[in-house]
Structures are given as C-alpha cells and as structure tokens.
Amino acid sequence: MEMQRLPVEVITYILSFLPIADRKEASLVNHTWYFAAQDSLRQENILYNIPATSSSLATIESLARRRVSCVSLTSLDSSTVSRDVIQAVSCHLGPHLQSLCLRGSSLTETSFMHLLLACPCLSSLDLSGCNSLFMSGTLLSKPETIGQAQRALTNLQELNLASLRYLSDLSFNRLTGCAPRLARLSLARCHLTFGFDPYRGSSNYNSSALLSFRNLLRFLKERASSFRALDLSGTSITSPAMRSLVQVEGLCLQELVLQNCRDLSNEAISLLCTHQPHLTALDLTGCSELSDQAALAVSAGLRALQSLCLGKLQRLTDRGFLGIAELRSLQRLDLSECSLVSGSELVKVCSAPELRPNLASLSFAFCCLLRDSSVLSLARSLSPSLRVLDLSSCVSITNVSIQAIASHLPRLTVLRLAWCKELTDWGLLGIEERNHHREKDAGPQFSRNFGNMGFFLPPLQNLEQDPKVLSDSASNESRKQHRASLQALEQLQELDLMACSKLTDCSITKVIRFPALRRLSLSLLPELTDASLVAVARGCQSLERLSMSHCGKLTDKGFIEAASSLRRLQHLVISGCSQLTGQTLEAISRECRQLKSLDVSMCHGISMADIALFQAQLPLQTCVQSRFVGGADLSFTL
C-alpha cells in the first residue's frame, strides 16, 4: 500500500533498475505503476514492431500515449489496411518518431511521402529491401516533394539502403541531398559498379540506370568532415577502390563493415589501417582472400579498435594474433568459423594482465581446433570483463571447459555451447568424472559447492531419486576438487545447449534455474523428458524464447504442467516432438497469452483443426507453422 502512495517519479526510478520484461510485469500492478513503467520504458531505445494489420490500429493509438520514438512497420504494401496503418502512424506517432524501419516493405511512393512528412524528428531511417520505392526512379523527382523531404530529413543521421536492386546514382543523390547531417550509411548488397566509369570524366553524376562507386566517392568527399560509418558488405569492392575510399581527404571513419567482400586483398586492409587509424569497429567477416597479414595490419594500425570481426577467414591462423596485445581497447572479438585458429596466441596475450584487452564478447564458434586448455586459460584471464561467450560447434571441448566457465566467468550473460557433443551431465553438475579403470563402481567425485549450496551428491544414476546427501561426508580429496555447476552463472540471459546430445534430465532438472534467463535452446536433446520441461519452466520464469525441437520424449502432460510457469513466453519451437497433440496447444493458448510465434512443424499428433482452434484463441499472435500435416507444408499468419 505504501508503494502505491509513492510519487510516479520515485516508482519510475525504482523500476529503472529492473529488466524490461520485469518492468512490463510491474506495469500491471495498478494505474500509477502503469504510468511509471511507461516513463521508465520511454528512457530506453526500444523498437516496437507493428504489423500492417487492422488489429494494429488500436495498438498504435495506445503507443501514442507513451510517446514512443522507435518503430518498425512490417508487411506494408499497397492495400487499404496498409494505408490505414500508415495514416494511423503518421497521425499518432509521427511527431515523436526518431527511428523508423520499413525494411522489406512494398509501399507506394505516395504512402512513403505521406509517412515521411509526418516524421519531422527522424534521426534514423531504414529502407533496406524497399525495392518498390525505387523501381520507377521517380522518388523525390518533383521540386515540391524535395523541399518537403528536406524539411523532414534535416536531422537524419543514419540511412540504411541495403539490398536495393533498383537504387541508382540519381535516386541516391536525391535522397541523400535531403539529409545534410547524414553520418552513417549502409549500401550493403547493392549493385555498386567499381571498374566501369559511365561518366567518362563528366562531373554530372546522375545516372538513372546504375549506382556507381565514383558517385559514392563524390558523396564522401562532400561529407568527409562529418561522415562516420559505412557498410559496403556484399559488394564487389576492389583493392584500388578501397585505396580511393580510405584516402578521401578529411574522411575519419569510426565504423566500417565489409562482410563478404571477397575481392579485398591483404594490401587493401593495410592501406585501410594506415589511412583510417581512428576506426573503433571493423567487420571483415567472409573476406575470403584475407590472411594473417591483414590481421597483423589491423593490430599494428588500429589502436583505438573496440570491435573486430574476422569470422569465416579460412586462411587466418594463430600467427595473425601476434600483435593483438596492441588493441588495448578491444571489447568484442569474433573469430567464428576460422578453422585454423586454436586461440593459442590469444591465450598468451590474455595471461599477462598488463597486455590483455578487456574483452566483453568473444566468439570461437565452429573453431574445431579450440581445446579445453585454451578455454580454461581464457576463462581465468577474462573473468572480470567477459559477458558473452560463443563456443558453438567447438567439437573438441569437454566437461573441463564447462566447469572452467562456471568457475571463472560468473558474470556471463550469454553462453552458447550448441553442438558441443562431448559435454555430459557431469560437466553441468560440477562433478568430476572418475577414472573408470581405477574405480569403476565408486561413483563420481563430487563438487563441494554444487548448486552453490554445498550438497554432496550420490552417484549420477541415483540423482533423481535421492539428491539429499550431506556434504560433511565428502572426503578430503573431493573437498580439494573445487568445481562449480552451471548454476553458478546466475546472471545468464541466454543459454544454447542445442544438440549436446549426452545431456539428460539428470543435469537439466538440477541446474537450469536462472531467474534472468530470457532465451534457452534445448533442441535435439533426445533424452529429455517432461521432467526437464517442468523444471525449466519453474526455474526460468522470465523465459521469452524457448526451443525444444526434436525432443521426442516430451508429452502433453509436461506442457500442461509447465505452461502456467511460462507466462512471459513469446516464441516457442517444439517442431518434431511427435508425441504432442492438441492438448499442448490448448494449454499454451490458455496460459501463454503473450506468445507471438509457435513452430509445431513435424508434430504429427497436431491436426489442422487443432491449429485452427489455436488461432481462434490467440488471434493477435504472429505465426503458427505446421508442416507435414496431411502430407502438405503449410504456414499460417495470424
């Protein structure tokens, strides 16, 4: 009662310490808490996804009272419903919008201009994949519309034009000419021409047929003093073009994304590092011609770098990281799918406190040469800073790695271990597996601090029957064997254990208890039963995304019991769970009222009638998939 009498400002301040999902729950307490939660949420850059459906109209009016600033409109086309949604957004949300995403929409030029003119405060605009806007080439062709667009886009700083097959120099110039403060631009996967010069020395860069690198250079030269970020991913940029780009006078880039630019050479990256030393983020993922020389150039030339992505570089080896100690500001390092990288050089750098970077995010996904010894060393060294760790498909790591992670990285918020098939229940429980040749029937050595409660566990096969054995029975030797269970990672928000096929109910029911966990994948774990499902639901009640596909032992009984604990669930994947029937859908529709998507493909026990009933009970939800029902592949959008 006392909390109800507190001023809204005080409640807003208190709620600001909670995760967004908890703030949403708190908003249901009463009117005062509702308005306090809206004020708290308004302080965040939260993107609201609004589908082009008639049911969205009431939602838009509700969002107007919250003065939301970031909106994504999906499935827009030339239909009457889309026009109504655009009209509603323009009227109710437009004056306050700072970020507008229209990705992949098929809206008309008239609708786009109507929406644009209603949003005078835009700082970010995403038109990626909006090919219908640029197909005719007449966008902003009239003088009066150009003047109106200039007033609307005067504060625009970020523009995404990725994947536009009809974008030309003419339309590019018209659009960017209306945004004098533009500092960030994406032309990823656009058909930029690099070698061919259509202008033959002319300075009139207004071709309506193609988008040229020469025109982009002109734009960069004009905006060099204020331009900061460029994305040319998926283009055929060449080394000579890179030389011209990085040498633009006055250009001082902070972020550059060059994913899958397969024509770039080591020499081009060396030039980049020489002429753009102030870069803080560089993404070279999939630039297949790059090798150790490029990585060494980055370490030597980009001392201010905070984020470095070198994924899918098949020529990169550990030698490329000999100079990584120079990157003292590095916070994110992505080495996923670098098949020749074992992490040995990174281990050497991180072992020296005066040299190691304060990495917050590290990915070794699909690095098959990574070993337990490297994971152990990195876990010890990066304990103060690491928050995100991706070891997906590192097939050589074992329980040693998971126990090192649990012991040394208690601040992790994201842990991905998909397809690490050597992980077993022993590792998750924090139990050291005994040498079976030496003591075959003596059972495991036990963790002194299992579950952070000091329990001394019985043999693994009896865990479910009798878990309460006092720790004072432990031998002196086992007390010295300090192991932590996965449950020590109390701050986890995302956990991926997909296809760790040796895991069973024995560990899942004991350690998957994370109050802050929002995303969990337990797909392709064939031994999981309803016991694991119920334990996960009760121990992780903040879950928003849950994937348990191809867990063939799950039944309706488990979902009926678990559904009441999954009130915040928004996305559920249970494809391939062949024992499930319509009773599961009934339980989900009754308890999981926030559900947005559900995948029940290959669930042979779920019929078309069950799906129709589910759609009727949750009419506002986004998609239900049902495949191989009656021999057909079917997809439903609600």
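Residues numbered from 1 in each chain as written. Predicted model: local features only at pLDDT ≥ 70, side-chain atom pairs only at ≥ 80, totals over all residues. Heavy atoms only, no water.

*Asks:* Looking at this structure, I do not really get the state of the cysteines. What am I missing?
*Replies:* One way to say it: the disulfide is the covalent bond shared by the sulfur atoms of two cysteines. Following the criterion strictly, the structure yields zero disulfides and no others. Among the cysteines around Cys-119, which has no disulfide bond, Cys-121 carries the closest sulfur, lying 8.8 Å off. (Disulfide = S-S within 2.5 Å.)

*Asks:* Mind showing me how you'd approach the pattern of salt bridges here?
*Replies:* Charged atoms that come close allow side chains of opposite charge to pair. Counted under the stated rule, the structure contains 15 salt bridges. Between Arg-103 and Asp-126 there is a salt bridge, with its nearest N and O atoms 2.8 Å apart. Within this pair, whereas Arg-103 is found in the loop between β3 (99-101) and α7 (109-117), its partner Asp-126 is found in strand β4 (residues 124-126), the two being separated by 23 residues in sequence. Salt-bridge contacts for Arg-538 lead to Glu-561; the nearest nitrogen and oxygen are separated by 2.9 Å. Residue Arg-538 is found in helix α21 (residues 530-539), and its partner Glu-561 is found in helix α22 (residues 556-562); the two are separated by 23 residues along the sequence. (Salt bridge = Lys/Arg side-chain N within 4 Å of Asp/Glu carboxyl O. Helix = DSSP H or I, 4+ residues; strand = E, 2+ residues; numbered from the N terminus.)

*Asks:* Just to check I follow, could you spell out helix α9 (residues 143-152) for this structure?
*Replies:* Spacing of three or four residues puts side chains on the same side of an α-helix, whose turn is 3.6 residues. Listing the buried residues of α9 in full gives Thr-145, Gly-147, Ala-149 and Ala-152. Those residues of α9 that are buried lie in contact with α7. (Buried < 20%, exposed > 50% of the residue type's maximum accessible area, 1.4 Å probe, protein only. Contact = heavy atoms within 4.5 Å.)

*Asks:* Before we go on, may I ask you to explain the nonpolar core in this structure?
*Replies:* Within soluble globular proteins, side chains that are nonpolar tend to cluster in buried spots. With 177 residues, the main nonpolar core has Leu-161, Phe-364, Leu-415 and Ile-512 as its most contacted residues. Counting six residues, the second largest nonpolar core, distinct from the first, contains Leu-15, Ala-26, Ala-36 and Ala-37. (Core = buried A, V, L, I, M, F, W, Y, C linked by side-chain atoms within 4.5 Å.)

*Asks:* Before we go on, may I ask you to explain the pairing of strand β2 (residues 70-74) in this structure?
*Replies:* In summary, the side chains of a regular strand alternate between the two faces of the sheet. Within β2, four of the five residues are buried, leaving the element largely enclosed by the surrounding structure. By the bridge criterion, four bridges tie strand β1 (residues 48-51) to β2 in an arrangement that is parallel. Pairing of Tyr-48 across the sheet is with Val-71, part of β2. Handedness of the crossover joining β1 and β2 through helix α5 (residues 56-66): right-handed. Two elements, β2 and β3, share three bridges in a ladder whose sense is parallel. The residue of β3 that forms the bridge with Cys-70 is Ser-99. For the crossover from β2 across helix α6 (residues 80-93) to β3, the handedness is right-handed. (Pairing = 2+ DSSP bridges. Right-handed = clockwise from strand over helix to strand, strands pointing away.)

*Asks:* Looking at this structure, how should I read unusual backbone geometry?
*Replies:* Here Ser-393, not a glycine, exhibits a phi torsion of approximately 60°, which is positive. Positionally, Ser-393 belongs in the loop between β15 (388-390) and α17 (399-408). Of the residues examined, Ser-393 reaches a relative accessible area of 12% and is grouped as buried. Positive phi values are uncommon outside glycine, yet His-550 reaches one of about 60°. Tracing the backbone through its elements, the reader meets His-550 in the loop between β19 (545-547) and α22.

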